[in-house]
Amino acid sequence: ELKVEQNPLFLSMQEGKNYTIYCNYSTTSDRLYWYRQDPGKSLESLFVLLSNGAVKQEGRLMASLDTKARLSTLHITAAVHDLSATYFCAVADTPLVFGKGTRLSVIA
Amino acid sequence: SQTIHQWPATLVQPVGSPLSLECTVEGTSNPNLYWYRQAAGRGLQLLFYSVGIGQISSEVPQNLSASRPQDRQFILSSKKLLLSDSGFYLCAWSVRTGYNNQPQHFGDGTRLSIL
């Protein structure tokens, strides 16, 4: 059974700082997705990572995938308040398996 | 382009009452369809998924049921709601391939409160 672990589950960071969210998974998979959820809202697709070594960047967020280590990272650069949200990774299986989410709070 | 619609957006129901939530997808054919529940401040719990009309897989035992009467319509139902059924219900779709591992696209959700 595929297990997906995200850490940290809660993250409070200052504006302007950098930080990384980790997503580990337990069995082989070559596809991974990152989603963002704002409070009270639905999930929005952020990144689609389709192969080992894939790296995608959008603004202050950068996601990468290492299928050999079974690890994906979501790196936040120079955080701003607008990035406050919950971030989920989801690993390709039948169907997708989601992590528990990382609740990010960016404070001044 | 593809769109997914869920309704209602919010719902307040008494314990023991029935439930029907509807989800439809436009702009694609033969999608995989999913129902998730999210308790307040928690992660996603997959309830049901469907790979075709009349084909429903249930992930957890519960007093909910799902049906897919048409290719792009997915319905979540209950005959008698429990307090524990409160939560944020999300419908999602994905392209159907041989591997069922495509990214999922989510509707806006239904916030269900049971009194």
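A brief look at the structure comes next. Computed from a predicted model, the values in this text were never measured in an experiment.

**Quick look at the side chain of Asp85(B)**
Residues and elements named next belong to chain B.
Part 1: Note that Asp85 resides in the loop between strand S8 (73-78) and strand S9 (87-94).
Part 2: Residue Asp85 is classed as buried on the basis of its relative accessible area of 2%.
Part 3: A polar contact is formed between the side chain of Asp85 and the side chain of Asn63, at a distance of 3.3 Å.
Part 4: Residues in contact with Asp85, not counting those within four places in the same chain, are Arg37, Asn63, Leu64, Lys80, Leu112 and Ile114.

**Some details on the interface of chain B and chain A**
Part 1: Counting from both sides, the interface comprises 21 residues of chain B and, opposite them, 17 residues of chain A.
Part 2: Regarding the contact of chain B and chain A, the summed buried area is about 1500 Å², with carbon and sulfur atoms giving 56% of it.
Part 3: Summed over the shared surface of chain B and chain A, the number is zero salt bridges.
Part 4: Between chain B and chain A we count three residue pairs in polar contact (both at pLDDT 80 or more) in total.
Part 5: Breaking the side of chain B that touches chain A down by element, the ones donating at least two residues are strand S4 (32-38), strand S5 (44-52) and S9 of chain B.
Part 6: Here the residues of the side of chain B that touches chain A sort into 10 nonpolar, eight polar and three charged.

**Topic: the sheet that holds strand S7 (residues 64-70) of chain B**
Within a sheet, each strand pairs with its neighbour through backbone hydrogen bonds, oriented either parallel or antiparallel.
Residues and elements named next belong to chain B.
Part 1: The sheet built from four strands is open, its strands ordered S1-S3-S8-S7 with antiparallel pairing. Each having just a single partner strand, strand S1 (3-7) and S7 make up the two edges of the open sheet. Neighbour-to-neighbour, the strand axes of the sheet open up by a mean angle of 15°, direction not taken into account.
Part 2: Relative to strand S3 (residues 19-26), S1 is paired through five bridges, and the arrangement is antiparallel. Of the residues in S3, the one forming a bridge with His5 is Thr24.

**Section: the pattern of salt bridges**
Residues and elements named next belong to chain A.
Part 1: All told, the structure shown has four salt bridges over all chains when counted by the stated rule.
Part 2: With its nearest N and O atoms 3.9 Å apart, the salt bridge here joins Lys3 to Glu1.
Part 3: As a salt-bridge pair, Arg36 and Asp38 come within 2.8 Å of each other at their nearest N and O atoms.
Part 4: By relative accessible area, which is 26% here, Asp38 ends up partly exposed.

**Things to note about unusual backbone geometry**
Part 1: Pro8(A) follows Asn7(A) through a cis peptide bond whose omega is 0°.
Part 2: Secondary-structure assignment places Pro8(A) in the loop between strand S1 (4-7) and strand S2 (10-14).
Part 3: Of note, the amide linkage connecting Trp7(B) to Pro8(B) takes the cis form, showing an omega dihedral of 0°.
Part 4: Position of Pro8(B) relative to the elements: it lies in the loop between S1 and strand S2 (10-13).
Part 5: Residue Ala78(A) is not a glycine yet carries a positive backbone phi of 50°.

**A look at the sheet that holds strand S8 (residues 71-76) of chain A**
Residue and element names in this part refer to chain A.
Part 1: Within the open sheet, the five strands sit side by side as S1-S3-S8-S7-S6. Their pairing is antiparallel. Each edge of the sheet is formed by a strand with only one pairing partner; in this case those strands are S1 and strand S6 (55-58). Direction aside, the axes of adjacent strands within the sheet are offset by 15° on average.
Part 2: Here six bridges tie strand S7 (residues 61-66) to S8, and the two strands are oriented antiparallel to one another. Along S8, the bridge assignment pairs Ala63 with Leu74.

**Some remarks on the packing of aromatic side chains**
Part 1: Across all of its chains, the model carries eight aromatic pairs over all chains by this definition.
Part 2: When the ring of Tyr35(A) is compared with that of Phe98(A), the centres are 5.6 Å apart and the planes differ by 40°; the resulting orientation is tilted. In this pair, Tyr35(A) is assigned in strand S4 (residues 32-37) and Phe98(A) in strand S10 (residues 97-98), connecting sequence segments 63 residues apart. For the pair Tyr35(A) and Phe98(A), one class covers both residues: buried.
Part 3: These aromatic residues form a ring-pair network of at least three members: Tyr35(A), Phe98(A), Tyr34(B), Tyr36(B), Tyr49(B) and Phe106(B).

**Quick look at the state of the cysteines**
Part 1: Applying the stated criterion across every chain yields a total of two disulfides over all chains.
Part 2: Here Cys23(A) connects covalently by a disulfide to Cys89(A), the sulfurs 2.0 Å from one another. In this structure the cystine formed by Cys23(A) and Cys89(A) twists about its S-S bond by roughly 80°; its chirality is therefore right-handed. With Cys23(A) in strand S3 (residues 19-25) and Cys89(A) in strand S9 (residues 85-91), the pair connects residues that are 66 residues apart, well separated along the chain.
Part 3: Look at Cys89(A) and you get buried, because its relative accessible area is 0%.
Part 4: Each disulfide pairs two cysteine sulfurs, and for Cys23(B) the partner residue is Cys91(B), the sulfurs being separated by 2.0 Å. Of note, the bridge from Cys23(B) to Cys91(B) carries an S-S torsion of about -75° and is left-handed in sense. With Cys23(B) in strand S3 and Cys91(B) in strand S9, the pair connects residues that are 68 residues apart, well separated along the chain.

The rules behind these values
Residues numbered from 1 in each chain as written. Chains lettered and ligands numbered in written order. Predicted model: local features only at pLDDT ≥ 70, side-chain atom pairs only at ≥ 80, totals over all residues. Heavy atoms only, no water. Helix = DSSP H or I, 4+ residues; strand = E, 2+ residues; numbered from the N terminus. Buried < 20%, exposed > 50% of the residue type's maximum accessible area, 1.4 Å probe, protein only. Polar contact = N/O pair within 3.5 Å; in protein donor to acceptor, adjacent residues only side chain to side chain. Contact = heavy atoms within 4.5 Å. Buried area = accessible area lost by both parts, 1.4 Å probe. Salt bridge = Lys/Arg side-chain N within 4 Å of Asp/Glu carboxyl O. Nonpolar A, V, L, I, M, F, W, Y, C, P; charged D, E, K, R; others polar. Pairing = 2+ DSSP bridges. Axes fitted to C-alpha atoms, helices over the stretch in contact; angles between N-to-C directions. Phe/Tyr/Trp six-rings, centres within 6.5 Å; stacked < 30°, edge-to-face > 60°. Disulfide = S-S within 2.5 Å.

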